[in-house]
Amino acid sequence: MTEEALGHFRRLLEEKRLSIMRDMGLLEAHSMNADAADSSGDLTYSDHMAELGSDAIEREKAYYFSSRNGAYLEQLEDALRRIQDGTFGICRVCGKEIPKARIEAVPTTTICVPCKESEQQQKRRFV
């Protein structure tokens, strides 16, 4: 892969990483504010069971999104490390170069489409 292409993908990955980090900060702040209000008893509405249930669901959703974003952030960090060590864009299964169209679609990918399809077929056989 050319240095120009690697630079393009590095910028793309860094932009996505920054966006995820911002999102995670917002989710964490929202979750912390909800927890602080709950623990202090400073609720702006009554302790109606339905409202408490809704609060719990919102906290669960915030945790889920934060967890999912954390996993994606790890994938982004790993892709940036692969750019540094020269293995970015190389399929971890067959060792061939992953087409740029595939990397544009999934910048954190470590596997080419044929190997991914083969992997999924094998998984289906065992299910």
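Just above sits the structure.
Residues numbered from 1 in each chain as written. Predicted model: local features only at pLDDT ≥ 70, side-chain atom pairs only at ≥ 80, totals over all residues. Heavy atoms only, no water.

1. So, the overall build of the protein
- When its secondary structure is counted, the protein shows 4 helices and 0 strands.
- Counting helices and strands in the order they occur from the N terminus, the protein gives α-α-α-α.
- Taking the contacts inside the protein whose residues are at least 6 apart along the sequence as the reference set, 59% of them involve residues at least 24 apart.
- By element, 54% of the accessible surface of the protein is carried by carbon and sulfur atoms, the whole surface being about 9,000 Å². (Helix = DSSP H or I, 4+ residues; strand = E, 2+ residues; numbered from the N terminus. Contact = heavy atoms within 4.5 Å. Areas by Shrake-Rupley, 256 points an atom, 1.4 Å probe, with all protein chains shown as cover.)

2. Observations regarding the nonpolar core
- Counting residues in hydrophobic clusters, the biggest one holds 19 residues, and the most contacted among them are Phe9, Leu13, Ile83, Phe88 and Cys91.
- Here this core gets 7 residues from one element, more than from any other, and that element is helix α1 (residues 3-40).
- In contact with Leu13, not counting residues within four places along its chain, are Leu76, Ala79, Leu80, Ile83, Phe88, Pro107 and Thr108. (Core = buried A, V, L, I, M, F, W, Y, C linked by side-chain atoms within 4.5 Å. Buried < 20%, exposed > 50% of the residue type's maximum accessible area, 1.4 Å probe, protein only.)

3. Section: the environment of Cys112
- Position of Cys112 among the secondary structure elements: in the loop between α3 (100-105) and α4 (113-126).
- When the C-alpha positions of Cys112 and Ile98 are compared, they lie 5.2 Å apart, and in sequence the two are 14 residues distant.
- Residues within four places of Cys112 in sequence aside, it is in contact with Cys91, Cys94, Ile98 and Arg102.

4. What about the environment of Asn69?
- Within the secondary structure, Asn69 is located in helix α2 (residues 49-85).
- For the pair Asn69 and Asp23, spaced 46 residues apart in sequence, the C-alpha to C-alpha distance is 8.1 Å.

5. Some remarks on the pattern of salt bridges
- Under the counting rule described, the total for this entry stands at 5 salt bridges.
- Here Lys116 and Glu119 are joined by a salt bridge, their closest N and O atoms 3.7 Å apart. Of this pair, Lys116 and Glu119 both sit in helix α4, separated by 3 residues, roughly a single helical turn.
- In this structure Lys116 comes out as partly exposed when scored by relative accessible area, which is 27%.
- Each of the salt bridges in this network shares a partner with another, and the network as a whole consists of Asp78, Arg81 and Arg82. (Salt bridge = Lys/Arg side-chain N within 4 Å of Asp/Glu carboxyl O.)

6. With respect to the side chain of Arg102
- Assignment of secondary structure puts Arg102 in helix α3.
- Within the buried core, Arg102 has no salt-bridge partner, and the shortest N-O distance to an opposite charge, that of Glu119, equals 7.9 Å.
- Setting aside residues no more than four positions away along its own chain, Arg102 makes contact with Thr109, Ile111, Cys112, Val113 and Lys116. (Lys, Arg positive; Asp, Glu negative; His and termini not counted.)

7. Remarks on the packing of aromatic side chains
- On inspection of all chains with the given rule, the structure shows 1 aromatic pair.
- The interplanar angle of 45° and the centroid separation of 5.7 Å between the aromatic rings of Phe9 and Phe88 together place this pair among those described as tilted. Taken together, the residues Phe9 in helix α1 and Phe88 in the loop between α2 and α3 connect sequence positions 79 residues apart. (Phe/Tyr/Trp six-rings, centres within 6.5 Å; stacked < 30°, edge-to-face > 60°.)

8. Some remarks on the state of the cysteines
- What the rule picks out here adds up to 0 disulfides.
- Cysteine Cys94 remains unbridged, with the sulfur of Cys91 as its closest cysteine sulfur at 3.7 Å.
- Cys115 supplies the cysteine sulfur nearest to Cys112, a cysteine that is in no disulfide, at a spacing of 3.5 Å. (Disulfide = S-S within 2.5 Å.)

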